[in-house]
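# Descriptive analysis of the structure
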Amino acid sequence: MAAPDPNKAIPRHIAVIMDGNGRWAAARGLPRREGHRAGAVSVEECLVACGELGVRYLTLYAFSSENWKRPQAEVTALMTLLTHFLKEKTPRLMQNNVRLQVIGQLAKLPQRNQRQLRETIEKTKDNDGLTLVVALSYGSREEIVDAARRLMEEAKTGAIDPADLDPETFSRYLHTAALPDPDLLIRTSGECRVSNFLLWQISYAEIVITETLWPDFRREHLEAAIAEYQCRHRRFGGL
Ligand code: IPE
Ligand code: IPE
Ligand code: MG
(Lines give C-alpha, C1' and ligand atoms only; values in the text may rest on other atoms or scores of the structure.)
(Ligands and ions follow the chains in the order given, each with its own letter.)
Protein backbone atom coordinates (compact mmCIF):
# COMPACT_ATOMS: atom_id res chain seq x y z
CA MET A 1 0.00 0.00 0.00
CA ALA A 2 1.17 3.56 -0.75
CA ALA A 3 2.82 5.51 2.06
CA PRO A 4 2.78 9.31 2.60
CA ASP A 5 5.53 11.28 0.88
CA PRO A 6 7.63 13.01 3.57
CA ASN A 7 8.26 15.90 1.15
CA LYS A 8 4.58 16.68 0.69
CA ALA A 9 2.15 18.27 3.12
CA ILE A 10 0.20 16.10 5.55
CA PRO A 11 -3.49 17.09 5.83
CA ARG A 12 -3.96 19.33 8.84
CA HIS A 13 -7.48 18.08 9.48
CA ILE A 14 -8.80 14.61 8.59
CA ALA A 15 -12.49 13.76 8.98
CA VAL A 16 -13.65 10.15 8.92
CA ILE A 17 -17.06 8.56 8.35
CA MET A 18 -16.40 5.32 10.20
CA ASP A 19 -18.78 3.01 8.38
CA GLY A 20 -19.16 -0.75 7.99
CA ASN A 21 -19.15 -2.05 11.57
CA GLY A 22 -22.43 -3.90 11.05
CA ARG A 23 -21.27 -5.53 7.82
CA TRP A 24 -18.00 -6.56 9.45
CA ALA A 25 -19.94 -8.31 12.23
CA ALA A 26 -22.49 -9.87 9.86
CA ALA A 27 -19.68 -11.36 7.75
CA ARG A 28 -18.52 -13.18 10.89
CA GLY A 29 -21.96 -14.22 12.09
CA LEU A 30 -21.59 -11.88 15.08
CA PRO A 31 -24.08 -9.36 16.54
CA ARG A 32 -23.66 -5.78 15.25
CA ARG A 33 -22.35 -4.56 18.60
CA GLU A 34 -19.26 -6.74 18.10
CA GLY A 35 -18.55 -4.73 14.96
CA HIS A 36 -18.76 -1.52 16.97
CA ARG A 37 -16.48 -3.00 19.62
CA ALA A 38 -13.92 -3.99 16.98
CA GLY A 39 -14.21 -0.48 15.51
CA ALA A 40 -12.96 0.99 18.78
CA VAL A 41 -9.59 -0.66 18.11
CA SER A 42 -9.40 1.13 14.74
CA VAL A 43 -10.17 4.43 16.49
CA GLU A 44 -7.24 3.98 18.84
CA GLU A 45 -4.85 2.97 16.06
CA CYS A 46 -5.96 5.87 13.90
CA LEU A 47 -5.53 8.52 16.54
CA VAL A 48 -2.07 7.31 17.53
CA ALA A 49 -1.03 7.24 13.86
CA CYS A 50 -2.46 10.73 13.22
CA GLY A 51 -0.52 12.09 16.19
CA GLU A 52 2.70 10.53 14.92
CA LEU A 53 2.18 11.70 11.34
CA GLY A 54 1.63 15.28 12.45
CA VAL A 55 -2.09 15.56 11.65
CA ARG A 56 -3.47 18.32 13.90
CA TYR A 57 -7.20 17.51 13.92
CA LEU A 58 -9.04 14.23 13.53
CA THR A 59 -12.84 14.36 13.43
CA LEU A 60 -14.62 11.02 13.77
CA TYR A 61 -18.29 10.53 12.92
CA ALA A 62 -19.33 8.20 15.73
CA PHE A 63 -23.12 8.64 15.90
CA SER A 64 -25.39 10.62 13.60
CA SER A 65 -28.67 12.39 14.43
CA GLU A 66 -30.29 9.72 12.23
CA ASN A 67 -28.65 6.84 14.13
CA TRP A 68 -31.22 7.34 16.92
CA LYS A 69 -33.60 5.52 14.53
CA ARG A 70 -31.71 2.25 15.09
CA PRO A 71 -33.05 -0.44 17.46
CA GLN A 72 -32.82 0.60 21.11
CA ALA A 73 -30.45 -2.28 21.91
CA GLU A 74 -27.91 -1.11 19.33
CA VAL A 75 -28.13 2.51 20.49
CA THR A 76 -27.57 1.41 24.09
CA ALA A 77 -24.64 -0.80 23.07
CA LEU A 78 -23.04 2.12 21.25
CA MET A 79 -23.51 4.52 24.16
CA THR A 80 -22.11 1.99 26.65
CA LEU A 81 -19.15 1.36 24.39
CA LEU A 82 -18.48 5.08 24.19
CA THR A 83 -18.48 5.56 27.96
CA HIS A 84 -16.21 2.55 28.44
CA PHE A 85 -13.88 3.68 25.70
CA LEU A 86 -13.50 7.16 27.17
CA LYS A 87 -13.04 5.91 30.70
CA GLU A 88 -10.54 3.26 29.72
CA LYS A 89 -8.65 5.34 27.17
CA THR A 90 -8.30 8.66 28.98
CA PRO A 91 -4.81 7.69 30.27
CA ARG A 92 -3.85 6.76 26.67
CA LEU A 93 -5.13 10.12 25.44
CA MET A 94 -3.00 11.83 28.07
CA GLN A 95 0.01 9.69 27.16
CA ASN A 96 -0.41 10.57 23.49
CA ASN A 97 -1.00 14.27 24.21
CA VAL A 98 -4.49 14.13 22.63
CA ARG A 99 -7.10 16.80 23.36
CA LEU A 100 -10.72 15.64 23.17
CA GLN A 101 -13.54 17.78 21.81
CA VAL A 102 -17.08 16.91 20.75
CA ILE A 103 -19.62 18.24 18.27
CA GLY A 104 -23.32 17.38 17.98
CA GLN A 105 -26.49 17.68 20.02
CA LEU A 106 -24.90 16.45 23.21
CA ALA A 107 -27.94 17.17 25.37
CA LYS A 108 -29.62 14.22 23.64
CA LEU A 109 -27.02 11.78 25.00
CA PRO A 110 -27.61 9.81 28.22
CA GLN A 111 -26.46 11.70 31.33
CA ARG A 112 -23.72 9.15 31.97
CA ASN A 113 -22.16 9.81 28.57
CA GLN A 114 -22.41 13.56 29.02
CA ARG A 115 -20.65 13.32 32.38
CA GLN A 116 -17.87 11.09 31.02
CA LEU A 117 -17.37 13.38 28.04
CA ARG A 118 -17.15 16.49 30.22
CA GLU A 119 -14.62 14.74 32.44
CA THR A 120 -12.35 13.65 29.57
CA ILE A 121 -12.62 17.01 27.79
CA GLU A 122 -11.61 18.78 31.01
CA LYS A 123 -8.75 16.38 31.72
CA THR A 124 -7.27 16.62 28.22
CA LYS A 125 -7.89 20.31 27.59
CA ASP A 126 -4.26 21.39 27.91
CA ASN A 127 -2.84 18.68 25.64
CA ASP A 128 -1.36 20.28 22.55
CA GLY A 129 -0.85 17.31 20.24
CA LEU A 130 -3.68 15.94 18.12
CA THR A 131 -7.17 17.34 18.68
CA LEU A 132 -9.66 14.48 18.50
CA VAL A 133 -13.16 15.70 17.67
CA VAL A 134 -15.91 13.13 18.13
CA ALA A 135 -19.19 13.81 16.33
CA LEU A 136 -21.98 12.46 18.52
CA SER A 137 -25.68 12.80 17.84
CA TYR A 138 -24.32 15.00 15.08
CA GLY A 139 -26.20 16.10 11.99
CA SER A 140 -24.94 18.83 9.73
CA ARG A 141 -28.40 20.14 8.85
CA GLU A 142 -29.29 20.42 12.54
CA GLU A 143 -25.99 22.22 13.15
CA ILE A 144 -26.68 24.70 10.34
CA VAL A 145 -30.26 25.29 11.51
CA ASP A 146 -29.03 25.84 15.10
CA ALA A 147 -26.56 28.42 13.78
CA ALA A 148 -29.27 30.16 11.75
CA ARG A 149 -31.56 30.23 14.77
CA ARG A 150 -28.91 31.83 16.98
CA LEU A 151 -28.10 34.38 14.29
CA MET A 152 -31.78 35.28 13.90
CA GLU A 153 -32.10 35.76 17.65
CA GLU A 154 -29.06 38.02 17.65
CA ALA A 155 -30.46 39.96 14.71
CA LYS A 156 -33.71 40.42 16.62
CA THR A 157 -31.91 42.00 19.56
CA GLY A 158 -29.78 44.07 17.21
CA ALA A 159 -26.52 42.35 18.24
CA ILE A 160 -25.83 41.53 14.60
CA ASP A 161 -26.83 43.32 11.39
CA PRO A 162 -28.09 40.84 8.72
CA ALA A 163 -26.24 42.93 6.11
CA ASP A 164 -22.93 41.99 7.78
CA LEU A 165 -23.49 38.24 7.53
CA ASP A 166 -20.89 36.43 5.42
CA PRO A 167 -19.58 32.82 5.30
CA GLU A 168 -16.82 33.55 7.79
CA THR A 169 -19.23 35.00 10.34
CA PHE A 170 -21.65 32.13 9.75
CA SER A 171 -18.93 29.52 10.42
CA ARG A 172 -18.38 31.01 13.85
CA TYR A 173 -21.91 29.89 14.80
CA LEU A 174 -21.30 26.25 13.86
CA HIS A 175 -20.17 23.61 16.38
CA THR A 176 -16.86 23.56 14.53
CA ALA A 177 -16.21 27.29 15.07
CA ALA A 178 -12.79 26.65 16.59
CA LEU A 179 -11.65 24.14 13.96
CA PRO A 180 -10.16 24.55 10.49
CA ASP A 181 -12.14 22.91 7.66
CA PRO A 182 -11.19 19.28 6.93
CA ASP A 183 -8.60 18.84 4.18
CA LEU A 184 -9.31 15.15 3.73
CA LEU A 185 -12.57 13.25 4.18
CA ILE A 186 -12.32 9.47 4.39
CA ARG A 187 -15.33 7.17 4.23
CA THR A 188 -14.84 3.46 4.85
CA SER A 189 -16.84 0.50 3.50
CA GLY A 190 -17.45 1.84 0.03
CA GLU A 191 -20.59 3.94 0.43
CA CYS A 192 -20.38 7.04 -1.77
CA ARG A 193 -22.38 9.49 0.31
CA VAL A 194 -21.91 12.11 2.98
CA SER A 195 -24.78 11.08 5.31
CA ASN A 196 -25.33 14.53 6.87
CA PHE A 197 -21.69 14.97 7.96
CA LEU A 198 -19.98 18.38 7.94
CA LEU A 199 -21.86 19.57 4.82
CA TRP A 200 -20.66 23.13 5.20
CA GLN A 201 -17.11 22.32 6.29
CA ILE A 202 -16.19 19.83 3.52
CA SER A 203 -16.79 22.29 0.67
CA TYR A 204 -13.21 21.86 -0.53
CA ALA A 205 -12.12 18.68 1.26
CA GLU A 206 -10.52 15.96 -0.84
CA ILE A 207 -12.63 12.81 -0.58
CA VAL A 208 -11.20 9.31 -0.34
CA ILE A 209 -13.58 6.36 -0.22
CA THR A 210 -12.15 2.99 0.68
CA GLU A 211 -13.80 -0.43 0.48
CA THR A 212 -12.16 -1.41 3.78
CA LEU A 213 -14.69 -1.84 6.58
CA TRP A 214 -14.03 0.38 9.59
CA PRO A 215 -13.05 -2.46 12.00
CA ASP A 216 -10.38 -3.53 9.45
CA PHE A 217 -9.04 0.02 9.01
CA ARG A 218 -5.43 0.19 10.16
CA ARG A 219 -2.51 2.58 10.03
CA GLU A 220 -1.59 1.45 6.50
CA HIS A 221 -5.08 2.30 5.23
CA LEU A 222 -4.81 5.75 6.79
CA GLU A 223 -1.38 6.22 5.23
CA ALA A 224 -2.69 5.10 1.83
CA ALA A 225 -5.51 7.67 2.07
CA ILE A 226 -2.99 10.39 2.95
CA ALA A 227 -0.78 9.31 0.03
CA GLU A 228 -3.80 9.61 -2.29
CA TYR A 229 -4.55 13.05 -0.85
CA GLN A 230 -0.98 14.12 -1.56
CA CYS A 231 -1.47 13.25 -5.26
CA ARG A 232 -4.50 15.52 -5.58
CA HIS A 233 -4.19 18.99 -7.03
CA ARG A 234 -6.29 21.28 -4.85
CA ARG A 235 -7.48 24.29 -6.80
CA PHE A 236 -10.17 25.86 -4.58
CA GLY A 237 -11.85 27.16 -7.72
CA GLY A 238 -8.71 28.85 -9.02
CA LEU A 239 -6.15 27.45 -11.44
C1 IPE B 1 -20.84 2.59 11.44
O2 IPE B 1 -21.15 1.29 11.12
C3 IPE B 1 -21.07 2.92 12.89
C4 IPE B 1 -22.26 3.75 13.14
C5 IPE B 1 -23.03 4.25 12.23
C6 IPE B 1 -22.58 4.01 14.52
P7 IPE B 1 -22.61 0.81 10.77
O8 IPE B 1 -23.28 0.40 12.04
O9 IPE B 1 -23.34 1.84 9.99
O10 IPE B 1 -22.30 -0.45 9.89
P11 IPE B 1 -22.99 -0.88 8.52
O12 IPE B 1 -22.97 0.30 7.62
O13 IPE B 1 -24.38 -1.31 8.87
O14 IPE B 1 -22.14 -2.00 8.02
C1 IPE C 1 -22.95 7.40 8.88
O2 IPE C 1 -23.11 6.05 8.70
C3 IPE C 1 -22.92 7.72 10.36
C4 IPE C 1 -21.73 7.28 11.07
C5 IPE C 1 -20.69 6.69 10.55
C6 IPE C 1 -21.74 7.55 12.48
P7 IPE C 1 -24.54 5.40 8.48
O8 IPE C 1 -24.33 3.95 8.30
O9 IPE C 1 -25.47 5.81 9.57
O10 IPE C 1 -25.01 6.10 7.13
P11 IPE C 1 -25.99 5.60 6.01
O12 IPE C 1 -27.28 5.23 6.69
O13 IPE C 1 -25.36 4.42 5.37
O14 IPE C 1 -26.13 6.75 5.08
MG1 MG D 1 -23.46 2.24 8.00
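Structure: see above.
Heads up: these notes are all about the structure in this document.

Analysis parameters
- Residues numbered from 1 in each chain as written.
- Chains lettered and ligands numbered in written order.
- Predicted model: local features only at pLDDT ≥ 70, side-chain atom pairs only at ≥ 80, totals over all residues.
- Heavy atoms only, no water.
- Near = heavy atom within 4 Å.
- Polar contact = N/O pair within 3.5 Å; in protein donor to acceptor, adjacent residues only side chain to side chain.
- Areas by Shrake-Rupley, 256 points an atom, 1.4 Å probe, with all protein chains shown as cover.
- Nonpolar A, V, L, I, M, F, W, Y, C, P; charged D, E, K, R; others polar.
- Helix = DSSP H or I, 4+ residues; strand = E, 2+ residues; numbered from the N terminus.
- Buried < 20%, exposed > 50% of the residue type's maximum accessible area, 1.4 Å probe, protein only.
- Pairing = 2+ DSSP bridges.
- Axes fitted to C-alpha atoms, helices over the stretch in contact; angles between N-to-C directions.
- Contact = heavy atoms within 4.5 Å.
- Core = buried A, V, L, I, M, F, W, Y, C linked by side-chain atoms within 4.5 Å.

## Focus on the site of ligand 2
Every residue lining ligand 2 is accounted for by I17, M18, D19, Y61, A62, F63, S64, N67, R70, R187, R193 and S195. Here an oxygen atom of ligand 2 and a side-chain polar atom of D19 are 3.2 Å apart. N67 places a side-chain nitrogen or oxygen 3.0 Å from an oxygen atom of ligand 2. Relative to its unbound accessible area of 390 Å², ligand 2 is 79% covered by the protein chains. The residue makeup of the shell around ligand 2, split by class, is five nonpolar, three polar and four charged.

## Considering the site of ligand 1
Surveying the vicinity of ligand 1 reveals 13 residues, the closest of which are D19, G22, R23, R32 and R70. R23 has a polar side-chain atom sitting 2.7 Å from an oxygen atom of ligand 1. Separating an oxygen atom of ligand 1 from a side-chain N or O atom of R32 is a distance of 2.8 Å. Here ligand 1, which alone exposes 380 Å², has 87% of that area covered by the protein. Every element with two or more residues in the shell around ligand 1 is listed here: α1 (21-27), α2 (32-53) and α3 (72-95).

## Digging into unusual backbone geometry
Located in the positive-phi region is N196, a residue other than glycine, with phi close to 65°. With respect to the secondary-structure elements, N196 resides in the loop between β5 (184-187) and β6 (206-209). A relative accessible area of 11% means that N196 is categorised as buried. Of note, L198 is a non-glycine position whose phi angle comes to about 45°, a positive value. Structurally, L198 is set in the loop between β5 and β6. Accessibility expressed as a relative area gives 2% for L198, which makes it buried.

## A closer look at the pairing of strand β1 (residues 13-17)
Taken across its five residues, β1 has five buried, putting it largely inside the fold. Neither face of β1 is open: one carries H13, A15 and I17, the other I14 and V16, and all of them are buried. Here five bridges tie β1 to strand β2 (residues 57-64), and the two strands are oriented parallel to one another. Note on β2: the bridge partner recorded for V16 is L60. The pairing of β1 with β5 spans four bridges and is classified as parallel. The partner of A15 across the bridge, within β5, is L185.

## Let's talk about the sheet that holds β1
The six strands are arranged β3-β4-β2-β1-β5-β6 in an open sheet whose pairing can be described as parallel. Edge positions in the open sheet fall to β3 (99-103) and β6, since each of these has one partner strand only. Adjacent strand axes in the sheet meet at a mean angle of 20°, parallel and antiparallel pairs treated alike. Pairing analysis gives four bridges linking β5 to β6, with the strands arranged parallel. Residue I186 lies in a different strand from β6, and its bridge partner there is V208. Its contacts with the sheet place helix α4 (residues 111-124) against β3 and β4 (131-138), and it is angled at close to 140° to β3.

## Remarks on the nonpolar core
Counting residues in each nonpolar core, the largest one holds 38 residues, and the members touching the most others are I14, L58 and L222. Of the residues forming this core, the biggest block, seven residues, is contributed by α3. Setting aside its immediate chain neighbours within four residues, L58 contacts H13, I14, V16, C46, L47, C50, L130, T131, L132 and V133. Counting residues in each nonpolar core, the second largest holds 14 residues, with Y57, Y61, Y138 and F197 among its members.

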